[in-house]
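A closer look at the structure
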Amino acid sequence: MHQLEKEIDPKILQALLESRNDYTLDDALENEMILNMGPQHPATHGVLRLLLRLDGERIIGCVPELGYLHRGYEKMAENMSYYEYIPHTDRLDYLSPMANNVAWVLAVEKLAGIEAPKRAQYIRMMIAELARISSHLVAIGAFAMDVGALTIFLWTLREREKVLDIWDILCGARFTNSYTRIGGVANDAQPEALAKVKWFIDQFEPNLVDVEQLINTNRIFIERVDGVGAISKDDAIDLGFSGPNIRACGVEFDLRRNAPYLCYDEMDFKIPTYTEGDCLARYFLRLDECRESAKIVKQILDKMPQGDVQANMPKKVLPHKDEVYTKMEELIHDFMIVNFGINPPVGEIYHAIEGSKGELGFYLVSKGDGKPWKCKIRSPSFNNLQVLPKLVIGHLISDVVAIIGSIDPIMGEADK
Amino acid sequence: MDLKELIPQKLKVKLSSVNFEITDYKGELTIKIDKKHIVEISKFLKSDPELEFKLCSDVTAVDWATRKNRFTVVYNIFSLKHSFRLRLKVDVDESDCSIDTVSTIWQAANWHERETFDMYGIKFNNHPDLRRMYMPEEFEYYPLRKDFPLMGIPGSLPLPKK
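Residues numbered from 1 in each chain as written. Chains lettered and ligands numbered in written order. Predicted model: local features only at pLDDT ≥ 70, side-chain atom pairs only at ≥ 80, totals over all residues.

**Re the domain arrangement of chain A**
Residue and element names in this part refer to chain A. Domains assigned within chain A are domain 1 (2–65) and domain 2 (73–414). When each unit is reduced to the centre of its C-alpha atoms, the spacing between domain 1 and domain 2 is 43 Å. Contact residues are listed per partner, giving 17 residues for domain 1 and 17 residues for domain 2. Every element with two or more residues in the side of domain 1 that touches domain 2 is listed here: β2 (49–55) and β3 (58–65). (Domains from an automatic or database assignment. Contact = placed C-beta atoms within 7 Å. Helix = DSSP H or I, 4+ residues; strand = E, 2+ residues; numbered from the N terminus.)

Here you go:
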């Protein structure tokens, strides 16, 4: 009894002892607590830290904390040449490094006024779409794994492995590709690489159907995610959602359509949209996008033009190593570009592509020298995470895991 | 009518008190305005039924190091209706390193302004939650300023006590 007196509020104890029932036990049921989720939590997809205020199991407040993977890539960009920065873009969204490479070189080319040859543009389009497929496969797999369907993860990663094999043939690296160059791509796509792409696309769709069949009719999966983390169209726009997440809310916003770059205006593809804006819609949307991307890749393979893969601008575009070792002119250009950079004219540009997570843009300011004066990475995951508190409030703590999985944040990109 | 002509025309009619400067570089429209008008002009651009710049993609700043107005805050907004991107630029001087927030107009600007504050030390007045975005709260410097060295400042990020 003595112990009890110490722990329970004296007012409540008095009410209990007198067996009064007019006293409401609000204080005794006061069970709000703060839960710290991450940055080492396995379901937060990296080093995302969430501070959750809970009422029982229900979330009444959420504050995301970022910065655990902050490497200062914007500061680094200001201190290196445009060429040197290409490998660093791999480390932003490390699940689709090829798309980041494409985004960076397109921004630099816009700034410096370079146009890549048609074949290079088609190759870039192909790798950007394959990167989207591989990134969405991880997103779908990890999302399903987060809510308990482990098999899907293995199946989608098996498909992704095939894309990595294509990268291996194409540029010699599986993860950190650095395949694009300013004014083109590092080397022409080999016939065996293109054959492998064709093989991959042909066998991809039946395999995707297998994946779908495993969970689309799975009641446990559907009930975990249906109606969870829904957001309205207006809120999604106001909070700056982009990519698959905004399209799942019914906004037809896709930069491949809204602000076409490369040769997307020559391609025939649909922009899938859903109106529900919940986790299930985001999952279905990624599946649909994989199909559309496969369709685009097929068209690219059919229409792929022949020709050079590097622009003929010796003062701006790094020559091939064979030429550097054998020709005087190329050696001089190589020396000048490596030591002094490509010196784009004074000005500022913003160029964004539709990355697999959303609008991936680079804002570059040039003062006319070899290094960018300012480089701002507009990363989609950063914006998508901003919406997270809005999505999780009112849901159960187990739903947080599903919601994080469904918006697919990549911390390498959100933290820069 | 082309948006590149429509926007300046509308601004002249509707907000006659605002002085602005328009540049068009590589197909990208930039409007440079004074910092006291930023909230007014943002509200107008978002709510005007013919423009509808509802999406705020990005807010950042540029440090010009030696210039008189040392910083430029850059807003990157997008109109879904017209698929048109617009850039707003506002000069901010180091002596009065603050500007009104636009996060009341576009909620998306909230984190971008926090990031800009974290990296450049520009204060956003009336911001609901102006904390550092990436760096620890007790960090004293602003890393993206040009006078912050690339290698960092030794001892500025103390290791946890044993």
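Once you've had a look at it, read on.
**Remarks on unusual backbone geometry**
One non-glycine residue, A:Leu262, lies in positive phi territory at about 45°. Among the secondary structure elements, A:Leu262 is positioned in the loop between α12 (255–258) and α13 (279–303). Its 20 C-beta neighbours within 10 Å are what place A:Leu262 among the buried residues. Backbone geometry places B:Asn126, a non-glycine residue, at a positive phi of 65°. Examined against the element boundaries, B:Asn126 turns out to sit in the segment after β7 (123–125). (Buried ≥ 20, exposed ≤ 12 C-beta atoms within 10 Å, placed from the backbone.)

**Comments concerning the environment of A:Glu323**
With respect to the helices and strands, A:Glu323 occurs in helix α14 (residues 321–326). By C-beta crowding, A:Glu323 is classed as partly exposed, having 14 other C-beta atoms within 10 Å.

**Examining the sheet that holds strand β1 (residues 32–37) of chain A**
All names here are of chain A. Across the sheet, 3 strands lie side by side as β1-β2-β3; this open sheet has antiparallel pairing. Only two strands of the sheet have a single neighbouring strand rather than two, namely β1 and β3. Along the sheet, successive strands turn relative to each other by an average axial angle of 20°, direction set aside. As defined by bridge partners, β1 adjoins β2 across 6 bridges and the pair is classed as antiparallel. Its bridge partner lying in β2, Met33 is registered against Leu54. (Pairing = 2+ DSSP bridges. Axes fitted to C-alpha atoms, helices over the stretch in contact; angles between N-to-C directions.)

**Describing the interface of chain B and chain A**
Taken together, the contact pairs 25 residues of chain B with 30 residues of chain A. Top contributing element to the side of chain B that touches chain A by residue count: strand β3 (residues 55–63) of chain B, with 6 residues. When the residues that make up the side of chain B that touches chain A are grouped by side-chain class, the tally is 14 nonpolar, 6 polar and 5 charged. (Nonpolar A, V, L, I, M, F, W, Y, C, P; charged D, E, K, R; others polar.)

**Brief notes about the sheet that holds strand β1 (residues 20–25) of chain B**
Residues and elements named next belong to chain B. Taking strand neighbours across the sheet as the criterion, the 5 strands line up as β1-β2-β5-β4-β3 in an open arrangement whose pairing is mixed. Two strands close off the open sheet at either side, each with one partner strand: β1 and β3. Each adjacent strand pair in this sheet contributes to an overall mean axis angle of 20°, direction not counted. The sheet contact formed by strand β4 (residues 71–79) and strand β5 (residues 84–92) spans 9 bridges and is antiparallel. Pairing of Val74 across the sheet is with Lys89, part of β5.

**Thoughts on the packing of helix α8 (residues 191–216) of chain A against α13(A)**
Residue and element names in this part refer to chain A. Where α8 contacts α13, the axes come no closer than 10 Å and their chain directions differ by 160°. When the axes of α8 and α13 are compared, the pair comes out roughly antiparallel. Crossing of α8 over α13 shows left-handed handedness. Residues Leu194, Val197, Lys198, Ile201, Phe204, Glu205, Leu208 and Glu212 of α8 pack against Leu287, Cys290, Arg291, Ala294, Val297, Lys298 and Leu301 of α13. Of the residues that constitute the contact of α8 with α13, the class distribution is 10 nonpolar, no polar and 5 charged. (Parallel < 35°, antiparallel > 145°, perpendicular 65-115°, else oblique. Left-handed = near helix turned anticlockwise from the far one by under 90°.)

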